[in-house]
Structures are given as C-alpha cells and as structure tokens.
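Letter by letter, the chains look like this.
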Amino acid sequence: MNAGDNTPVAGVSVVQQGSANGTSTDSKGFFTLNVAGNSPVLVFSYVGFKTYSLEWDGTSAVAVKLEQDVSALQDVVVVGYGVQKKINQTGSTQTVKFDDAVNQPVTNSGQLMYGKFSGVQLTQGSGLPGADASSIVIRGVGTFGATTPLVVIDNIQYSGLEAFNNLSPADIETISVLKDASASAIYGARGANGVIVVTTKRGKSGAMSVVYNNYFGFQEVTVVPKYLNAADYARLKNERDINANGANAPLRYSEEDIQSIIDGSNPDKYANTNWAKEILRKAPVQNHYLAFSGGNEKTTYRVSMGYLNQEAIVRGKFKSERFNVSFNINSNVKKWLTISNVTNAFWTKFRGPSGGAGAITGETGIINQFQRSAPTVPVYYSNGEYGVVDGSYLKVNASFPVTHAIRRGFLGDHKNDNINIADRFGVKVDFTKDLSFETSGSLNLSYDNVSNFSPTDNTYDSEGNLVGQSLVNTLTNSTSFNYRLLNENILRYSRNINKKHDLSVLLGHSVLYNRNDGFSGSLQGFPSNSIQEFDGGGVLNPSVSGGANEESVQSFFSRLNYVYNGKYLFEFNIRRDGSSKFGPSNRYANFPSASAGWRINEENFLSNVNWISDLKLRASWGITGNDNIGNYIYAQNYNTGLDYYLGTNTIVGAVALTGLANPTITWETVEQYDIGVDASLFRNRLSITADYFKRTSTDVLYGNFPIPRTIGVTNLAAQNAASMVNGGLELAVNYRGNIKAVNYSIGGSLSKFDLNEVTGLGDKGLETITAESIVRIGVPFNSYFGYQVLGIFQTADEVANAPKQFGSVRTAPGDFQYADLSGPAGKPDGVIDAFDRTVIGNPFPKMIYNFNGSLNFKGLELSILFEGVNGLDRLLNDNGQLPFEGDRNNSLSYWINRWTPEKPSTTLPRLGGQNNAVVSDFYIEDASYLRLKNLELGYTVPASFTQRFGLSKLRVFASAQNLLTFTKMENYDPERARGGNTDQLTPLYKVYTFGLNLKF
C-alpha cells in the first residue's frame, strides 16, 4: 500500500531476490507467490515509489508500505562549474545518465547523443573508420564560422569534438547539453555555440569491482547505389555521343561489342562490372573494455582501458584502432582538504593506402569510381591482373583507363598516429561548511604523426601492354604538436537562511594558453618502394615547411543563485573574457545572463493536486561572445615570395602587402531568449519539458566587400558586419510505468526551427555566391543557389518560343527549360543566364525529432530508438546523377528512362544535351528521413546462478544500429553533410553486434 495515504497499489512487481520467480499485486494490492529456500528476500518495486526489500520470516501474510520516490526531483544535474538540483534549474539544460554499460555499437562517443536531446542535430558525413564522427549543432547555426559547441570533459575544456569522440563510451556517466545563454554564459565566449559537459564514472568506496564489456560484429553499407549495367551504359554512351557531336560521331561501342557484354564471350575486353558492389563490402568491428574501481571512505579510484578495432566497408587496407586509458582518484586527505586527479588518454592508429582518407574522396577517389570507372572494364583480367581498360581503349572514340578502386585501396601506405593525453589536478579547501576554494590545473597534449608513401607503379592491359606508369615514388612525413594549459580558481559560498532562503555564490578566474606547432617534409626518388624512411636514399625534390600559432584567454566570472521558499528561483551570471585574437583596444568584453523560475506546484492553490509532482515555469536572457576566428586578423601581415627580377639574372627577395588587416576586429555577439516549462506528473511517471528560444547574432565576421583597385591589395580582413537570427520550439515527453512485472518507458522529443536566416551583411557588403550556394539576406545561411527547372522542351516550337537558354543555339527538344526570373535590370529579360539563379534549397532542417522506448521483464530487456530529420535539402550531382556528363562517366540506373524522340520524358532530359548539368533544383533532393537508429535486446542472467561463479552480473545482448531508414532519397543515404561532393564520401553503415557485460 501507499505509505502516504494507506491506499492499495496495483501492479507492484514482487520478485524473489536472485531468481526469476516473481508476480505482481492485483487491483487491491494483494499478491500470492510461492518461494523456495530459507529466509528468502522479496523485492517490491513500482514506478514512482522507492524499491523495498523484505526478508520473509515464513508467515503467510506480508504487509508492505511503499514510500513515494521523490529522488527524480532531488536529482542533481551537471552545469557549468558545478551541479544543481534539477528542480532549481532555470536555464535550458538536458542531462542523460549512463548508469549501465554502453552497448550501442558506436565508434565514437558523440554518436551516443543521437535521439537523446531536443534541439541538437547530429550529422554523420562519412563512414570511413577514424573519420566517421558526427558534427553536432545545438539550436541551429548562429555564426558564419565554426558551429562546434564547447566540450568540457571532467572540467577540462576542449575546442573541437576530437577528445569527446575518442572518449571510451563505457567511461561516460553523464552528458549534459547547456543550450541557452543563462546556462552557457558562465563559459563566456567559448559557449556561444552551446556547451556539452561530460562527466566520467568515478570509483566508489568498498571492495574492488571489476567490469568487462565487449562486442563483436560487422558493418554493411546502408544504401548501395544502382548504376546502369555495362550493356545499357554502352548503348547510352553511344546515344550521348550522337546527341552531343552529331549523327556521324564515331561510336565507342559497336553492336558486336555490346553483344560481347551481354553474352560474356570476351570478359577481358567487355565485362559487366558493378563497381559499387565490388568496392563495398561487409567489414568487422570489435570493442573491449575493462575497468577496476573501489576505495574506502577517504579515497576512491577507478582505472579503465578500452580497445576498438574497426575496418572499412570499402575494400582496401583501411583500418582504425583506438586504445583508451582513463584514471581518476579522489581523496579526502583532511576534513577540510580534498585532492583529485583525472586522466583521459587515447591513441588512435589509422592505416590505409597512400593518401589515407584522401584516397576515398575527390574526382579520382575510390567512391567516385562508382561512376567514373566504366562498367565494361573487368575487375580482374583472366591473367589475375587488375583490369584498367576495356576493348575500346584504342578506338578513335577511345575509352579511358580507370583508376581501379580496389587496387587504389591497397596501393602505397598511409600511417596516422594520434596520441592525446589530458590531465587535471585539483585541490579543494573547505574553510567552513559554507565556504570553499578550489584551484586546478589541466594539461591537454596532442601529438599527431603522419607518414604517406606513394610508390612507383605500372598498369597494363589484358595482353600485357603498358597503359600507365608512375616513375617516381614520394614520401611525405608531417607532425603536429599541440598543448593547452588551463588554470582555474573558484571560490564557492552556499548557505540556507531560516530554511527559506537558499543562496549560493561562485567567483572564478581562469587563464588558458594554447599553442600549435607543425612540420612537414617530403622527398622523392627512393631506390625501392620497400624503403619508406627519409634516410632510405631518396634524392629528388626535397621540401620542408613548418609553422606555429598560439592564443591565450583570461577570464573572470561569477554566478549568483537564489531560491526563496523552494519556489521562486533566480540566477545571474557574468563573465569577462579577454582574448589574444583581438587588438589591445578590443580584447575584453562582458557577457551577462539572467534567468528566473517559478515552481507553481509549491503554491497553496496546488497543494492538494496530488497528480502534479513538479511544475515549473522559467525564462532566461543572456549574451555570449564568439572568438572562434583565426589568429592575428588584427595585425598587418606581409607576404613573402614576391621577388623582384632585375635584369635577366638578378633576383632580389622582397615582401609585399597584399591584404589589409582589421585592427578594430572584435567579438561576435550572440543574444538569446528562452521561455520554458518543466512538468512532472503522476508520481514522476510523466515528464514534459517545452522551450521557445530565439537567438540573434550580431557583429558576425564577414569578408565580402568591394575593394577599390587604387589601394593595391587583393583582399580585406573580415569585418564585424553581418547578422543572423534563428529560433524555434522544443518539446520533450517521457513516461515510465509498469504492467505487472513488465517495466516500460516511452518518450520522444521534437524540435521545430521557425527562424533561420541572414539578416544583414553590413554596409556595402556583397552577397557571397559560389557554384552552388549563396549568403543572402532573408534566407538561410549558405542556401543552395541555382536555376529553376520548369520542365523539358518537347518540341522545336517550345524551344523557339522560350527565353534563350544561356545563349546556346544548340538547345533542342529533350533539354531542360529554365525559369527566366531576372536580368541586368532586375526583371525577366528573355535570356537565361546567371541573373536567373535563385535560392533552390535549404541545407538546414526545419524539424528534428526522435522516439524511444524500453521494456524490462525479469531480466529480459528491449530498447529501441528512432531519430528523424525533416525539411532539409541536399545537392547531389557528383556521382552518377548527371546525364552522362564528361566522356567517361556512368550514370545511375534511372537514366535508362531519359528523354528520347521515340519515348519523350517529362522528368529526365536527353543525354548529351545543352546545359542539363548546371546546378538546378532538379539535383536538389529532399533529405528528410526517419531512421531506426538503435535496437538492443539483452538478457541479464539471474544472480542466483551467476553468484555460483563469483560473478555479480552477467548480461548478454544483441544490438543493431541504422537498421532501417525511411526516406524519399534513393541511391544514397540521406544523412550527409551540407555542401557539395558529399556523394563522394564513404557511405554510412549499418552495424550488427553481439556481446556481453561481466561484473565481478
């Protein structure tokens, strides 16, 4: 029964401890259970109540009173420089706890955030091991520059996501996202893009505990693109040549050649190769984790080690390994003195062919060979050599040698080792129970070493004739060394006055220093491809380069929290940052924030409303800065290498001023508003959080301004000139309950972005236009920019009566008809040209959402996570989407339905036509999707069995990631980075794993 009002509680789980023997209470709170053994222990559990254990003495009747569990309201969450009770939070902050082993088959910790946080967009752009991290954007883009949030791991600050992504997922205890200015302003300029605060697991007093987790599995590509087969490719290639060059154009493939493809009679000359399927494969992945923890009442410790081994879904020697070591110790040396130390270190090893990750991308990269390698070329000749040409190689309309993708994946050597060590040592002195002082020093060292060897090489046709060769081998070595020092000093005061006034004050000072050094050297002409060291005899074209940069930041910060009577909440922050990236007169700036909350459920008029556990309104405002810009923009630089030639033989070294600095450059400023509500209902079973936010960025750096020719420079440093705004709504709902012995939870979140546009480019600022995007007032930053397709010309009369397409007289039926939107005078002029380009797509989502659920029945657990993105576009025109552009490329299989005089199409243009490959909305695809991101099924073996073998826990599980995707996009995975050439990156993968969790 309920201990609060003595009413019966139905559905309470009653389980004999250490066994699967259990039942649940009926509608009147009664239960019947047959138990075995002497003095068995019964465990009573129900959502919203504290778990209760009872040693049964053999009597037939058992009376149990369950106390309401208010721990959800007393939970503390991690915030900047400390923790707060969840009920007293006034800023927009979300925290996820990882109490048990992390069994999701994620290769980097950032991927743990998928579907867990509202307002947070993650995008994985590549599936290559070691380069498969996801970008993270919190509440949309608020600057023209870098949008990566600040990452704080165990109070060590990092710029970039590398340390977070390479942290062993099993080490993580909590991840908190500080979204609004009131939550992130305590970090000042470094928190302009939001803050991710990570805490790792700590040791606990008691006997040493040993944990071992592992999983083994395999990866496979989520989507394999479908290209034309070799026979269709040959036919359509001939058709393209006739359309482009006339009816008498020489054909590359005769009917006999095409028949050889069909019947397979001459496989060395005319094969039928599906390069996408040949290049992609299933690849293994495995992970191991071992941790030791324990301690006593004064000192606790935890040591962990992790190992990840991941091979690529692209055939080749691509492989990534990661070794993790973590150590932390906390010791109460005296009642008034506490010391702590935490160390997180990783070593990543990436191995691949020459070029490393660069071997994948670009025009000659492996993935682009889906389209660039003719399917008529065999994978291997009958003599076992790699296929590089087909039988039309020596014709008048000659085919091209291919960059053999599989061969490329094994050619040469690339080795990249990165070692990263982060350590923080802290000392805390408690002057009184209310007043304490903490000082800490942290050091982050990162060393990166790259060796890249490109060998000499020859390629041959099926008859052994030389086709191509590289006569010179090249070795390039580069190293970089980065170290970051941070000292923080924090004074804290906290006191409760008369049980009504809770006051806490934080005063802090920090200083940060960061330095990067880099060096690179190259040498050619080694006597053997087996010698890959500089001392190995290379004699040609030695080259060296190097450089360094440094920056420093000093900060003063303060926070005041005040709670009156447990229901009126106030918080004030201010931070003063000084950055070396600005000139002396603009180096310092102040960043304030304020927030307030009202716990309505504590008011008398709701005192009898028992179904409301907590109800809070909150609002916040704040200003943060942004110094995430290049170094030395304020200082005038001079370019070297601009030598003078005097006469014919005399060269005088010189430097010259080619660009102007900006001595007045200052902080970008971000102002944010947030209004939110937090509700916990029905004994904390149901929780609801909703927020409305608006973020306005001003003084954004922008560099596209007219340059008078008379000043003699070619570029200007960026100016604090532009502005942008974004805003939206967030909603998160979660419910947990049980049906008899089945415990379950369901939840989800939705984030809708209503505002997302550039609002200013500064006085005389020009629009920045690239081949595919534009920075323009009134539209999202870097919107896709191109032509609008009205349809396809079906007759010569339609062509004659339409605006002239790009001045071409060869436009004909079957070509795209583009919209005449403007001209030099700002109105349609009967000509299709650059004036008619317009915004054709939005690279940012209008909505992100997720659903999650879990079930637990007597040790059997099932969890599921869906995540989705809606209302964003992607430009795909670099890997088979174009209609046989160039003289070698294959196209995706849907081009079999292209426009022809015999079978006109209203959706696909003709091959070899005019201006059908320009950037247009035809190549913009809806990248919205809903994905089954993670599915896990596990079983925890009863303790009554595992304890016989000295195990306190044994759990086995199976897990899958990226299992299903629902989208309109075909041939390519919809989750991809914005920008161009994203279809030339390693495709994303599904992962299937099996593993176990052991605890001793």
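In this text, all values refer to a predicted model and were calculated from it rather than measured experimentally.

Enquirer: Please provide a residue-by-residue account of the sheet that holds strand 39 (residues 783-786), values included.
Expert: Strand order across the open sheet formed by 4 strands is 37-38-39-44, with antiparallel pairing between neighbours. Since the sheet does not close on itself, it has two edges, and those belong to strand 37 (768-769) and strand 44 (838-841), each with one partner. Sheet analysis places strand 39 next to strand 44, joined by 3 bridges and oriented antiparallel. Each bridged residue has a counterpart across the sheet, and for Tyr784 the counterpart in strand 44 is Gly841.

Enquirer: Describe the packing of aromatic side chains, with residues and values.
Expert: Each aromatic ring pair is characterised by the separation of its centres together with the angle its planes make. The full count for this structure, using the stated rule, is 35 aromatic pairs. Ring centres of Tyr307 and Phe323 lie 5.1 Å apart, and the angle between their planes is 40 degrees; on these two criteria the pair is classed as tilted. With Tyr307 in strand 16 (residues 299-311) and Phe323 in strand 17 (residues 319-334), this residue pair connects regions lying 16 residues apart in the sequence. Accessibility expressed as a relative area gives 29% for Phe323, which makes it partly exposed. Three or more aromatic residues joined by ring pairs make a cluster, and in this case those are Tyr787, Phe806, Phe816, Tyr818, Tyr894, Trp895, Phe922 and Tyr923. In this structure, Arg931 is placed above the aromatic ring of Tyr929, and the distance from its NZ or CZ to the ring centre is 5.3 Å. Lys933 extends its terminal NZ or CZ atom over the ring of Tyr114, reaching a point 3.8 Å from the ring centre.

Enquirer: Residues and numbers for the pattern of salt bridges, please.
Expert: Under the definition given, this model contains 43 salt bridges. Of the charged contacts, one joins Arg235 and Asp232 as a salt bridge, the two residues approaching to 3.2 Å between their closest N and O atoms. Of this pair, Arg235 and Asp232 both sit in helix 4 (residues 230-245), separated by 3 residues, roughly a single helical turn. For Asp417, the salt bridge is made with Arg351, and the minimal N-O distance between the two is 3.2 Å. On the criterion of sequence distance, the pair formed by Asp417 in strand 19 (residues 413-430) and Arg351 in strand 18 (residues 337-352) is long-range, its members being 66 residues apart. Classification of Asp417 as buried rests on a relative accessible area of 16%. Here the salt bridges share partners, and the residues they tie into one network are Arg139, Lys179, Lys616, Arg618, Asp674, Asp678, Asp691 and Glu730.

Enquirer: Let's hear about a nonpolar patch on the surface: which residues, and what values?
Expert: Together, Leu855, Phe857, Leu860, Leu862, Leu937, Tyr939 and Val956 give the surface a local cluster of nonpolar side chains, amounting to about 560 Å² of exposed area. At the level of secondary structure, the elements contributing two or more residues to the nonpolar patch comprise strand 45 (847-857), strand 46 (860-870) and strand 49 (929-940). Tracing the backbone shows Leu860 in strand 46. For Leu860, a relative accessible area of 41% translates into the label partly exposed.

Enquirer: Which residues make up the sheet that holds strand 10 (residues 150-153), and what values go with them?
Expert: An order of 7-12-13-10-11 is seen for the 5 strands of this open sheet, with the pairing classed as mixed. The open sheet terminates on both sides in strands that have one partner only, identified here as strand 7 (93-97) and strand 11 (156-158). Taking the axes of each pair of neighbouring strands and ignoring which way they run, one obtains an average angle of 20 degrees across the sheet.

Enquirer: Before we move on, can you summarise the environment of Gly125 with the specific residues and values?
Expert: Looking at where Gly125 falls in the secondary structure, it is placed in the loop between strand 8 (120-124) and strand 9 (134-138). The exposure class assigned to Gly125 is buried, which follows from its relative accessible area of 19%.

Scoring rules and cut-offs
Residues numbered from 1 in each chain as written. Predicted model: local features only at pLDDT ≥ 70, side-chain atom pairs only at ≥ 80, totals over all residues. Heavy atoms only, no water. Pairing = 2+ DSSP bridges. Helix = DSSP H or I, 4+ residues; strand = E, 2+ residues; numbered from the N terminus. Phe/Tyr/Trp six-rings, centres within 6.5 Å; stacked < 30°, edge-to-face > 60°. Buried < 20%, exposed > 50% of the residue type's maximum accessible area, 1.4 Å probe, protein only. Lys NZ or Arg CZ within 6 Å of the ring centre and 35° of its normal. Salt bridge = Lys/Arg side-chain N within 4 Å of Asp/Glu carboxyl O. Patch = residues over 30% accessible without salt bridge, like charges linked within 9 Å, V, L, I, M, F, W, Y side chains within 5 Å. Areas by Shrake-Rupley, 256 points an atom, 1.4 Å probe, with all protein chains shown as cover. Axes fitted to C-alpha atoms, helices over the stretch in contact; angles between N-to-C directions.

Just geometry here; none of it tells us what the structure is for.
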